[in-house]
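A look at the structure
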Amino acid sequence: MRPTLDFIKDIAVNAGGILKNFSREDLNIAEKNPKDLVTQADFASERYLIDAIQAAFPEHAIFAEESGKSAGSKDHQWFIDPLDGTLNYAHGVPFYAVSIGYALKGRMQLAVVYDPERDELYCAERGQGATLNEMPIQVAQRTKLATCMLVTGFPTETENPMDDNMANFLRFNSNALTVRRLGSAALDAVYVAAGRLDGYWDAEISLWDIAAGGLIASEADAAVTDVFGNPDYMGKQPSSIVCANPVIHQQMLDLLAATREARGAVTSKV
């Protein structure tokens, strides 16, 4: 049995209510690694979402940030980030979201990203377009990278400092209007979908961060691939992502390729 978009909307909003109403005194903030935090709110939101999904669809598989993969049918997979933007949330910065995506036979079908602070509900169903609070949204139509506001993120763990996205950031910052780092991959993607930002890339990102946002951006007419231009950006964990309107998307891919080439030339000289 397949879920409906309305079901996902309901549980996303309920999970957002858990996050917004959580007492800061009860967060019990802990380190997952030196640059990544987890709170009791993450666990409470995720526990609610998993219980709700398993109660309605006990045969489905769930891939969640804090719990990992659960057993279930590979034909029905859920990707859950119960609190995308934990660092923001833990520091009282009101920029975080609940992200829920559903895939049928390996292809994303339904997606919801909910921002509790602004009560903004971004939704998409494959082939049906994308909405923000029930109103259709579409990517911005700029065609020159120099006029674009971009956004990115940085991995919280990296084995090779040369691959930490900084070289990409510096090159994009020189070639675009500006680059932002806002701290929530799900909101980064849906802000592109809504035309608030022109493009988003992330060189290393977890599937639960981009499953919902990627589909919403795609349904808002964005081109969405990994950093090499592969449309199967959900094919591995961790992954990478580039999303923007098709013209800017290609310019972003070209710049990423140029950065890789330049970094390779530097490496070869060492």
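Details of the structure are given in the entry above.
Scoring rules and cut-offs
- Residues numbered from 1 in each chain as written.
- Predicted model: local features only at pLDDT ≥ 70, side-chain atom pairs only at ≥ 80, totals over all residues.
- Heavy atoms only, no water.
- Helix = DSSP H or I, 4+ residues; strand = E, 2+ residues; numbered from the N terminus.
- Areas by Shrake-Rupley, 256 points an atom, 1.4 Å probe, with all protein chains shown as cover.
- Buried < 20%, exposed > 50% of the residue type's maximum accessible area, 1.4 Å probe, protein only.
- Contact = heavy atoms within 4.5 Å.
- Arc of directions from axis to C-beta.
- Pairing = 2+ DSSP bridges.
- Axes fitted to C-alpha atoms, helices over the stretch in contact; angles between N-to-C directions.
- Parallel < 35°, antiparallel > 145°, perpendicular 65-115°, else oblique.
- Left-handed = near helix turned anticlockwise from the far one by under 90°.
- Nonpolar A, V, L, I, M, F, W, Y, C, P; charged D, E, K, R; others polar.
- Salt bridge = Lys/Arg side-chain N within 4 Å of Asp/Glu carboxyl O.

Let's talk about the overall build of the protein chain
For the protein chain, the helix and strand inventory stands at seven helices and 15 strands. Carbon and sulfur atoms form 51% of the exposed surface of the protein chain, whose accessible area is close to 12,200 Å².

Observations regarding the side chain of S45
Its place among the elements puts S45 in helix α2 (residues 40–56). S45 gets classed as buried once you look at its relative accessible area, which sits at 0%. Among residues more than four places away in sequence, those in contact with S45 are A15, I18, L19 and P82.

Examining helix α4 (residues 166–175)
Buried residues of α4: N168, F169 and F172, and no others. Buried residues of α4 fall within an arc of 100° about the axis and therefore sit on the same side. For α4, the exposed residues lying more than 90 degrees away from the buried face are L170 and S174.

Section: the sheet that holds strand β11 (residues 149–152)
The five strands lie next to each other as β12-β11-β13-β15-β14, forming an open sheet whose pairing is mixed. Each edge of the open sheet is held by one strand with a lone partner, namely β12 (178–180) and β14 (223–225). In this sheet, neighbouring strand axes are inclined to one another by 15° on average, regardless of whether the strands run parallel or antiparallel. As paired strands, strand β13 (residues 199–205) and strand β15 (residues 239–244) are joined by five bridges and run antiparallel to one another.

Looking at the packing of helix α1 (residues 5–21) against α2
One can describe the packing of α1 onto α2 by two numbers: an axis separation of 9 Å at closest approach and a directional angle of 155°. One element, α1, and the other, α2, form an angle in the roughly antiparallel class. Every pair of crossing elements has a handedness; the one defined by α1 and α2 is right-handed. Contacts between α1 and α2 involve F7, D10, I11, N14, A15, I18 and L19 from the former and A41, A44, S45, Y48, L49, A52, I53 and A56 from the latter. For the contact of α1 with α2, the residue count by class is 12 nonpolar, two polar and one charged.

Brief notes about the packing of helix α5 (residues 185–193) against helix α6 (residues 207–219)
At a minimum axis separation of 8 Å, α5 and α6 run at an interaxial angle of 0°. Taken together, the axes of α5 and α6 are roughly parallel relative to one another. Of the residues in α6, those in contact with A185, A186, A189, V190 and A193 of α5 are D209, G213, G214, I216 and A217.

Side note on unusual backbone geometry
The peptide bond linking Q237 to P238 adopts the cis configuration, its omega dihedral lying at -5°. With respect to the helices, strands and loops of the structure, P238 is situated in the loop between β14 and β15. Of note in this structure, N133 is not a glycine but carries a positive phi near 50°. Mapping N133 onto the fold places it in the loop between β9 (130–132) and β10 (135–136). What makes N133 partly exposed here is its relative accessible area of 39%. For D221, which is not glycine, the phi dihedral falls at a positive 80°. By secondary structure assignment, the location of D221 is in the loop between α6 and β14.

Here we look at the pattern of salt bridges
Evaluated as defined, the whole model comprises six salt bridges. One salt bridge connects D6 with K9, and the closest N-O pair in it is separated by 3.8 Å. A residue pair is termed a helical-turn pair when its members lie 3 or 4 positions apart in one helix, as D6 and K9 do in helix α1 at three residues. Note on K9: relative accessible area 12%, which makes it buried. Ionic contacts of the salt-bridge type, sharing partners, join the residues D6, K9 and E134 into one network.

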